[in-house]
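Here is what each chain is made of, one letter per residue.
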Amino acid sequence: MASLIVSLAQYWIWAGLGVSFVFLAWGVDRVEPSARGAYTFRPLVIPGIVLLWPLVLWRWWQLETGRDVPHARHQPPIPAHRRVWLLLALVIPAILITGVMIRQDRDALAAAPVQLSEPVQ
């Protein structure tokens, strides 16, 4: 079972590398006009394309066939986003501070080390 999972992961990565090569060579300029001539960022997006290559192919197909609403990708955030950002800005530090405050003392819980076997000489 593990070898099957590893084989599937290898096929996924190889397919992703192929899609990233084709997309970055020909597709990115067609999909995103602001990417024309910007060659420095392309190696930076390879890991994302390798992992999300089915989504990249689907979006590329949608944009090429005109099935996508042209200006929908560049809409400003909806008003609910501001409330969510504010909530996250308050909740995340609160969680971290709470975790630091209630953490247990590691030295009180640590047991003395036990030698499991004789040292090999």
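The preceding data block contains the structure.
Cut-offs and rules
- Residues numbered from 1 in each chain as written.
- Predicted model: local features only at pLDDT ≥ 70, side-chain atom pairs only at ≥ 80, totals over all residues.
- Heavy atoms only, no water.
- Helix = DSSP H or I, 4+ residues; strand = E, 2+ residues; numbered from the N terminus.
- Buried < 20%, exposed > 50% of the residue type's maximum accessible area, 1.4 Å probe, protein only.
- Areas by Shrake-Rupley, 256 points an atom, 1.4 Å probe, with all protein chains shown as cover.
- Arc of directions from axis to C-beta.
- Contact = heavy atoms within 4.5 Å.
- Core = buried A, V, L, I, M, F, W, Y, C linked by side-chain atoms within 4.5 Å.
- Polar contact = N/O pair within 3.5 Å; in protein donor to acceptor, adjacent residues only side chain to side chain.

Peer 1: Residues and numbers for the overall build of the protein chain, please.
Peer 2: Summing up its helical and strand segments, the protein chain has five helices and zero strands in all. Reading the helices (α) and strands (β) of the protein chain from amino to carboxyl end gives α-α-α-α-α. Burial statistics for the protein chain: of 121 residues in total, 15% are counted as buried. Summed over all atoms, the accessible surface of the protein chain reaches about 10,500 Å², with 70% contributed by carbon and sulfur.

Peer 1: Please provide a residue-by-residue account of helix α2 (residues 42-51), values included.
Peer 2: An α-helical turn contains 3.6 residues, so a residue and the one three or four places further along point in the same direction. Among the residues making up α2, those that are buried are Arg42, Ile49 and Val50. On an axial view of α2, the arc spanned by its buried residues comes to 95°, and they lie on one face. Residues of α2 that are exposed and point over 90 degrees away from its buried face: Leu44 and Leu51. Buried residues along α2 sit in contact with α1 (2-31) and α3 (53-65).

Peer 1: Explain the nonpolar core to me, and be specific about the residues and the numbers.
Peer 2: Within the largest apolar cluster, ten residues are counted, these being Val19, Phe23, Leu24, Val28, Val31, Ala35, Ile49, Trp53, Val56 and Trp60. For this core, the secondary structure elements donating two or more residues are α1 and α3. Sorting elements by how many residues they give to this core places α1 first, with five residues. Setting aside residues no more than four positions away along its own chain, alanine 35 makes contact with Val28, Asp29, Phe41 and Arg42.

Peer 1: An account of the environment of arginine 30 is requested, with residue identities and associated values reported.
Peer 2: Mapping arginine 30 onto the fold places it in helix α1. A polar contact is formed between the side chain of arginine 30 and the side chain of glutamate 64, at a distance of 2.8 Å.

No statement about biological role is implied by the geometric values presented.
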